[in-house]
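Listed below, chain by chain, are the residues.
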Amino acid sequence: MRNVIIALHAETQIIEVDRWWRENRLASPELFSQELAGVLSTIAISPNVGTRYRSRSVPGVRRTLLRATRHHVYYVAT
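Cut-off values and rules
- Residues numbered from 1 in each chain as written.
- Predicted model: local features only at pLDDT ≥ 70, side-chain atom pairs only at ≥ 80, totals over all residues.
- Heavy atoms only, no water.
- Core = buried A, V, L, I, M, F, W, Y, C linked by side-chain atoms within 4.5 Å.
- Buried < 20%, exposed > 50% of the residue type's maximum accessible area, 1.4 Å probe, protein only.
- Helix = DSSP H or I, 4+ residues; strand = E, 2+ residues; numbered from the N terminus.
- Contact = heavy atoms within 4.5 Å.
- Salt bridge = Lys/Arg side-chain N within 4 Å of Asp/Glu carboxyl O.
- Expected span 1.5 Å × (residues − 1).
- Pairing = 2+ DSSP bridges.
- Lys, Arg positive; Asp, Glu negative; His and termini not counted.

Peer 1: Residues and numbers for the nonpolar core, please.
Peer 2: Of all hydrophobic cores here, the largest spans nine residues; its members are Trp21, Phe32, Leu36, Val39, Leu40, Ile43, Leu66, Val73 and Tyr75. Those elements that place two or more of their residues in this core are helix 2 (31-45) and strand 3 (71-76). By residue number, the principal contributor to this core is helix 2, which donates five residues. Beyond its immediate sequence surroundings of up to four residues, tryptophan 21 is in contact with Ser28, Pro29, Leu31, Phe32 and Thr69.

And the structure:
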C-alpha cells in the first residue's frame, strides 16, 4: 500500500467541493467525502486503477471518476 499525498491546490478544491456538497445536497451531504475516501484508498492499493490523462506539464498523470458525484481525481503514482 502506498501513501497518498494531496497537493495543497487539490486540498483547497476538495474543501470547496465538500462544502458545496454538504450545503446543496441535503439528501446525501457526505456522499462526496465518502466517495473520495473510497477512491483514495483504492489508489493507495492499486495506483494504476485510473486511466492515463495527457498533460503537457506533468508526466504520468492518471485520473479516475467519482461516479456518484461526477468529479474526477487526477493523480500521479510515484
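Picking up where we left off.
Peer 1: Describe the pattern of salt bridges, with residues and values.
Peer 2: Evaluated as defined, the whole model comprises one salt bridge. Put simply, aspartate 18 and arginine 22 hold a salt bridge, and the shortest N to O gap is 2.9 Å. Residue aspartate 18 and its partner arginine 22 are located together in helix 1 (residues 8-24), separated by four residues, close to a single helical turn. Residue classification places aspartate 18 among the buried positions, given a relative accessible area of 17%. What makes arginine 22 partly exposed here is its relative accessible area of 34%.

Peer 1: Report on helix 2, specifying residues and quantitative values.
Peer 2: End to end, helix 2 covers 21 Å across 15 residues, agreeing with the expected 21 Å (1.5 Å per residue, within 8%). Taken together, the buried residues of helix 2 touch helix 1, strand 2 (61-66) and strand 3.

Peer 1: Break down the sheet that holds strand 2 for me, citing the residues and quoting the values.
Peer 2: An order of 1-2-3 is seen for the three strands of this open sheet, with the pairing classed as antiparallel. Lying at the two open borders of the sheet, with one neighbouring strand each, are strand 1 (51-52) and strand 3. Alignment of strand 1 against strand 2, held across two bridges, turns out to be antiparallel. Each bridged residue has a counterpart across the sheet, and for arginine 52 the counterpart in strand 2 is arginine 62.

Peer 1: Which residues make up unusual backbone geometry, and what values go with them?
Peer 2: Positive phi, close to 65 degrees, is recorded for arginine 70, a residue that is not glycine. Mapped onto the secondary structure, arginine 70 falls in the loop between strand 2 and strand 3.

Peer 1: I'd like to hear about the side chain of glutamate 35, residue by residue, with values.
Peer 2: Note on placement: glutamate 35 falls in helix 2. Of the buried charged residues, glutamate 35 lacks a salt bridge, with arginine 67 as the closest side chain of opposite charge at 6.9 Å. Sequence-distant contacts of glutamate 35, that is, excluding residues within four places in its chain, are made with Leu66, Arg67, Ala68 and Thr69.

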